[in-house]
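Here is what each chain is made of, one letter per residue.
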Amino acid sequence: MTEDLFRGDAYLQTCEARVVRIDDSGIVLDRTVFYPLAGGQAGDSGALQLADGREVTIADTRKAKDAEGQPTGEIVHLPAPDQAELIASLQPGDTVTARIDWTRRHKLMRFHTATHLLCHLVPQPVNGCSITPEYARLDFHMTEPLDKEALTAGLARLIDAAHPLVVGAITDAELDANPALVKSMSVQPPRGTGTVRTIRIGGEVEGEAQIDFQPCGGTHVANTSEIGAVVVTKIEKKSANSRRVVLGWAA
């Protein structure tokens, strides 16, 4: 099991960690700040600094899976293809400093929070999601047309309002009693500990409207104002019952 430090603090950029295993799949640590590909959000990249100061470049991060393809609880750091010589000097038990590419991660955090605002503006089930450093997209299960300019203006209003974001948790039983909290039709929130991590935007201060509340295991900014200027770059009709909304950074 890899301790996922990013769950408690998305702004944590480095940590000391111990090498648990090295194999063809990658490098497993006992704890990490690297977010693995999940819930539509891309995995982190960065580096593992060795005791002698040399660094193993990490190109991607994934969840380890067993023979049946089920997640095991371990997080695998995937080295860049040219890192074989450095990896050969690593041994289980070695201590490394894990450091994410913060500029890239922060873009992912900003876009991920922006997609939650989009769920508020388009209150329809989500049947597809992709969050990268350069764009984000949500596919909504719906037939009605959407207006690109209206959605861009709505996002700007919610971002400028500087709504705080709060990470919380509900029990599995509470989620089972209110399944409508899950906006995604294709991705279920992480379970297994008895509680499910939640993201709440707005509604924490008396009199403030709640913007969004849903289970989510991804990384987010602390306030909507931190997202910055984003725009709806494209709206596509993917099928008779699906509308894709693509977000990008404002020029």
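Above: the structure in question.
The rules we used
- Residue indices begin from 1 for each chain and proceed along its sequence in written order.
- Since the coordinates come from a predicted model, pLDDT governs what is reported: local features require at least 70, and pairs of side-chain atoms require 80 or more to be given and counted, while whole-chain, interface and lining totals use all residues.
- Water and hydrogen atoms play no part in the side-chain values, which are based on all heavy atoms of the structure.
- Only one rule defines a salt bridge in this text: a Lys or Arg side-chain nitrogen within 4 Å of an Asp or Glu carboxyl oxygen.
- Burial here depends on accessible area, computed with a 1.4 Å probe over protein chains only, as a share of the maximum for the residue type. Under 20% is buried, over 50% is exposed, and the range in between is partly exposed.
- Here an angle of 0 to 180 degrees is reported between the N-to-C directions of two axes, which are lines fitted to C-alpha atoms, with helices fitted over the stretch in contact.
- Under the scheme used here, helices are H or I runs from DSSP no shorter than 4 residues and strands are E runs no shorter than 2 residues, and both carry numbers assigned from the N terminus.
- Crossing handedness is defined as follows: a turn of the near helix away from the far one that is anticlockwise and smaller than a right angle gives a left-handed crossing, while the clockwise case is right-handed.
- It only takes one pair of heavy atoms within 4.5 Å for two residues to be counted as in contact.
- Note on residue classes: Ala, Val, Leu, Ile, Met, Phe, Trp, Tyr, Cys and Pro are nonpolar, Asp, Glu, Lys and Arg are charged, and everything else, Gly too, is polar.
- For this analysis, a ring pair means two rings from Phe, Tyr or Trp (six-membered ring only for Trp) whose centres lie within 6.5 Å, classed as stacked if their planes differ by under 30 degrees, edge-to-face if by over 60, and tilted for the remaining angles.
- Paired strands are those between which DSSP finds at least two bridges.

A.B. asks: Describe the pattern of salt bridges, and please don't skip the residues or the numbers.
C.D. replies: On inspection of all chains with the given rule, the structure shows 12 salt bridges. Its salt-bridge partner being R7, residue D4 comes within 3.0 Å of it at the nearest N-O pair. What makes D4 partly exposed here is its relative accessible area of 29%. The exposure class assigned to R7 is partly exposed, which follows from its relative accessible area of 21%. One salt bridge connects D30 with R18, and the closest N-O pair in it is separated by 4.0 Å.

A.B. asks: So, the packing of helix α2 (residues 102–121) against helix α3 (residues 148–160): which residues are in play, and what are the values?
C.D. replies: Running from amino to carboxyl end, α2 crosses α3 at an angle of 120 degrees, the nearest separation of the two axes being 10 Å. For the element pair α2 and α3, the recorded crossing hand is right-handed. Contacts between α2 and α3 involve A114, L117, L118, H120 and L121 on the former and, on the latter, L151, G154, L155, R157, L158 and I159. Looking at the contact of α2 with α3, its residues break down into eight nonpolar, two polar and one charged.

A.B. asks: Tell me about the packing of aromatic side chains, and name the residues and values.
C.D. replies: According to the stated counting rule, one finds three aromatic pairs in the structure shown. Each ring, one from F6 and one from Y35, has its centre 5.3 Å from the other, and the planes form 70 degrees; the classification is edge-to-face. Of the two residues, F6 is situated in the loop between β1 (3–4) and β2 (14–23) and Y35 in the loop between β4 (31–32) and β5 (46–49); the sequence distance between them amounts to 29 residues. A single burial state applies to F6 and to Y35, both of which are buried. Their ring planes at 25 degrees and their centres at 3.9 Å tell us that F111 and W249 sit as a pair that is stacked. Of this pair, F111 sits in helix α2 while W249 sits in strand β15 (residues 242–249); the two residues are 138 residues apart in sequence, bridging distant segments of the chain. The buried category is assigned to F111, whose relative accessible area is 0%. Looking at W249, the relative accessible area reads 21%, which means it is partly exposed.

A.B. asks: Lay out the sheet that holds strand β10 (residues 135–141) in plain terms, naming residues and giving numbers.
C.D. replies: Sheet strands associate in pairs through backbone hydrogen bonding, adopting either a parallel or an antiparallel arrangement. One open sheet holds the four strands; their spatial order is β9-β10-β15-β14, and the pairing between them is antiparallel. Edge positions in the sheet fall to β9 (126–131) and β14 (230–239), since each of these pairs with one other strand and no more. On average, each strand axis in the sheet is inclined to that of its neighbour by 15 degrees, with strand direction left out of account. As defined by bridge partners, β10 adjoins β15 across seven bridges and the pair is classed as antiparallel. Looking at β15, one finds that A136 is bridged to L247. Most of the contacts of α2 go to β15, to which it runs at about 140 degrees, and overall it touches β9, β10, β14 and β15. Together, β14 and β15 form the strand contacts of α3, whose direction differs from that of β14 by roughly 135 degrees.

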